[in-house]
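Read off the chains here:
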Amino acid sequence: MMELRVVDLEKRIRDHLEKLGFEIHPLKVGWYNAVLSPAFHLPYLDDTLAFVVLSTPAMFDKAFKPFLRNGPLKKIRDPVDQCISHHLTLLRESLADQQVDIMYDYELLPNRKPKFLAQTAAHIAGAAYYYQRKDVQQDPWGEKKIYGVCIHPRYGGWFAIRALLLFPGVEVPSLLQKTPVDCVTTEEKRIELLEKFNFHWRDWSYRDITEVKEKYSEEQKTYFATPPAERLQLLTLQGGLQRNAIH
Ligand code: B12
């Protein structure tokens, strides 16, 4: 009975979000907490069902541009973040029979720590392998701080991890864990990946570390390469994407 309910729930979420260019992957909170230091643990039972939400390259055309056309936007918040919270809020309303907690990638706790670690969640759910410094044997970086990066089997680095959906009322003891596809297998490639992500991320090259099925369009790249404060103006100037006035 319980398992049926979960399958149905997952289908409803998938049906809602996939057509907008999002991908979802289920996980148990206990798997996530097991690899993190206590400061990052999420206060839910181990068997609690969660989904990590990724945006794929298609999100820009399928969700973001239509969202802008339907405006209005709030000037102070990032437009992509507004679009994503708009759609996840609609999803939550459509699941009115469920309690759903939503954590966004950009949300911080009062102690300035992120609410959830997006990369760890993506790896643990089997969505995208999280390459960290410790995945390299002969490490050339000395004292430097090296951040890790997730690579998706289909989109390489051309995606983002947007949110975690949590279902405090739904426990899934028998959910099977998927291992993420390890698509950057050699020592040299892993070093190259971490170098590119840490020191050359603006040239997009880390995103092409593997052969990808689909990536951001030139338009989407221009949008994300523009400093946040100028993005809205860019969109307004380009072909009147905005119908409603910005206020
Ligand atoms: C703060 C932050 C930054 C900071 C600091 C980076 C950092 N990693 O600390 C700064 C401003 C530098 C930054 C920069 C960038 N960022 Co940033 N950033 C974040 C943010 C908000 C939080 C990351 C964080 O604080 N981590 C805390 C540290 C302690 O976590 P950690 O190193 O992973 O350590 C944990 C793991 O090691 C885990 N662990 C231990 N053992 C094991 C074992 C396994 C198997 C696993 C899975 C985990 C695990 O335990 C540790 C904690 O206890 C995330 C979004 C989010 N909510 O997660 C995006 C995020 C990491 N950034 C992202 C990106 C793309 C960037 C930039 C390219 C800029 C951009 N947005 O385009 C640059 C690239 C880096 C650079 N060259 O500067 C993406 C990465 C996507 C991906 N493919 O991986 C994220 C996920 C945002 C997103 N929406 O997709 N970022």
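Sequence order as written defines residue numbering, which begins from 1 separately in each chain. Local features are withheld for residues below a pLDDT of 70 in this predicted model, meaning they are given only at 70 or higher, and side-chain atom pairs are given and counted only at 80 or more; totals for whole chains, interfaces and linings count all residues.

A.B. asks: How should I be thinking about the overall build of the chain in this particular structure?
C.D. replies: Across its full length, the chain carries eight helices and six strands. Working definition: helices are DSSP H or I runs of at least four residues, strands are E runs of at least two. Numbering for both runs from the N terminus. Ordered by position from N to C terminus, the α and β elements of the chain give α-β-α-β-α-α-β-α-β-β-β-α-α-α. Atoms counted for the radius of gyration: C-alpha only. Globule rule: 2.2 Å times the number of residues to the power 0.38. Against the 2.2 N^0.38 benchmark of 18 Å for 247 residues, the chain shows a C-alpha radius of gyration of 19 Å, consistent with a compact globule. Its C-alpha atoms give the chain principal-axis dimensions of roughly 50 × 50 × 40 Å. Looking at the chain residue by residue over its 247 residues, the buried ones come to 32%. By the convention adopted here, residues are in contact when the distance between their C-beta atoms, placed from the backbone, does not exceed 7 Å. The contacts of the chain with a sequence gap of at least 6 include a subset with a gap of at least 24, amounting to 72%. Burial is judged by counting the other C-beta atoms within 10 Å of a residue's own C-beta: 20 or more makes it buried, 12 or fewer makes it exposed, and any count in between marks it as partly exposed, with every C-beta position built from the backbone.

A.B. asks: Which parts of the structure should I look at to understand the site of the ligand?
C.D. replies: Close to the ligand lie 25 residues; Ser37, Pro114, Ala118, His123 and Cys150 are nearest. Those elements that place two or more of their residues in the shell around the ligand are α5 (118-124), β5 (149-151), β6 (160-171) and α6 (187-199). Tallying contributions element by element places α5 first for the shell around the ligand, with five residues. Of the residues in the shell around the ligand, the class split is 16 nonpolar, eight polar and one charged. Each residue receives a C-beta atom built from its backbone; the residue is near a molecule or strand if that atom lies within 6 Å of it. Residue type decides the class: Asp, Glu, Lys and Arg count as charged, Ala, Val, Leu, Ile, Met, Phe, Trp, Tyr, Cys and Pro as nonpolar, and the leftover types, Gly among them, as polar.

A.B. asks: Explain unusual backbone geometry to me, please; I cannot follow it from the model alone.
C.D. replies: Phi is mostly negative for residues that are not glycine, and the peptide bonds are mostly trans. Here the phi dihedral of Arg112 falls at roughly 75°; this positive angle occurs in a residue that is not glycine. The residue Arg112 is located in the loop between β3 (101-104) and α5 in this model. In this structure, Trp204 takes a positive phi of about 70° despite not being glycine. Tracing the backbone shows Trp204 in the loop between α6 and α7 (218-225). What makes Trp204 partly exposed here is the crowd of 16 C-beta atoms within 10 Å.

A.B. asks: When you look at α6 in this model, what are you seeing that I'm missing?
C.D. replies: Three or four residues apart is the spacing at which side chains of an α-helix point the same way, because the helix has 3.6 residues per turn. The end-to-end C-alpha separation of α6 is 18 Å, in line with the 18 Å expected for 13 residues at 1.5 Å each. Taken residue by residue, α6 has Arg190, Leu193, Leu194 and Phe197 as its buried positions. Down the axis of α6, the buried side of the element spans an arc of 90°, and every buried residue falls inside it. Residues of α6 that are buried sit in contact with β4 (129-131) and β5. Every helix has an expected span of 1.5 Å times one less than the residues it contains. What the arc covers is the set of directions going from the helix axis to the C-beta atoms.

A.B. asks: Honestly, the nonpolar core in this entry has me stumped. Any pointers?
C.D. replies: Note that soluble globular proteins tend to have their nonpolar side chains buried in a common cluster. Residues of type Ala, Val, Leu, Ile, Met, Phe, Trp, Tyr and Cys that are buried and joined through C-beta atoms within 7 Å form what is called a nonpolar core. Among the nonpolar cores identified, the biggest contains 59 residues, and Ala50, Val52, Ala121 and Ala122 are the most heavily contacted of them. Every residue in contact with Ala121, bar those within four places of it in the chain, is listed here: Leu27, Tyr32, Val52, Phe116, Ile161 and Leu164.

A.B. asks: Explanation requested: helix α3 (residues 59-69) in the structure shown.
C.D. replies: Every buried residue of α3 is listed here: Met59, Phe60, Ala63, Phe64 and Leu68. Projected down its long axis, α3 carries its buried residues within an arc of 120°, all on one side. Exposed and oriented more than 90 degrees from the buried face of α3 are Pro66 and Arg69.

A.B. asks: Just to check I follow, could you spell out the confidence of the model for the chain for this structure?
C.D. replies: Any region with low pLDDT has predicted coordinates that should not be read closely. Averaged over all residues, the pLDDT of the chain equals 92, while 92% of them reach at least 70. Segment residues 242-247: pLDDT under 50, and 15 contacts once partners within four positions in sequence are set aside and those in other chains are kept. The quantity called pLDDT is the predictor's confidence in a given residue, expressed from 0 to 100.

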